[in-house]
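Structural overview for review
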Amino acid sequence: MTEDISEMTPEELAARKAAVKDTRRCPYCDEELAVVDLGESPFNDWDAPEAWFCVNETCGYRVMSRRVMEAQGIPGGSYRFIYIPARDWCGPIADVRASLLQGHPKG
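Residues numbered from 1 in each chain as written. Predicted model: local features only at pLDDT ≥ 70, side-chain atom pairs only at ≥ 80, totals over all residues. Heavy atoms only, no water.

Next up on the list: the overall build of the protein chain. When helices and strands are tallied, the protein chain shows 3 helices and 4 strands. Scanning the protein chain from its N terminus toward the C terminus, one meets helices and strands in the order α-β-β-α-β-β-α. Here the protein chain holds 107 residues, and the buried ones make up 32% of them. By sequence separation, contacts in the protein chain at least 24 residues apart represent 42% of the contacts at least 6 residues apart. (Helix = DSSP H or I, 4+ residues; strand = E, 2+ residues; numbered from the N terminus. Buried < 20%, exposed > 50% of the residue type's maximum accessible area, 1.4 Å probe, protein only. Contact = heavy atoms within 4.5 Å.)

See the structure below:
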């Protein structure tokens, strides 16, 4: 489901974000969030065992962020919604696409 997030009131969005820990649904598109085990690794600095991500390719938040990134000269970039239950925190996480890496060989 894709929603026009510009039609959502700030109060409605705040209520949806506050409910994520109970609903496990993206506050922007209402799709179920994917649970990812972050595990321990020397390659990340996550201080939580798991995170919940919106993987909906047509989520209004992701679509809007893609437009913002393109307007800033970063084609192919976008953000996804993430919720970290251990912190009761939600926010954006970069969604790096292979197209961003084209023309940037390893140094």
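Following the structure, the description resumes.
A separate point is the pairing of strand β4 (residues 89–95). Bridge count between strand β3 (residues 78–84) and β4: 7 bridges; the pairing is antiparallel. Opposite Y83, over in β4, you have C90 as the bridge partner. Linkage of β3 to β4, two consecutive antiparallel strands, is achieved through a turn of 4 residues, within which D88 is found at a positive phi near 50 degrees. (Pairing = 2+ DSSP bridges.)

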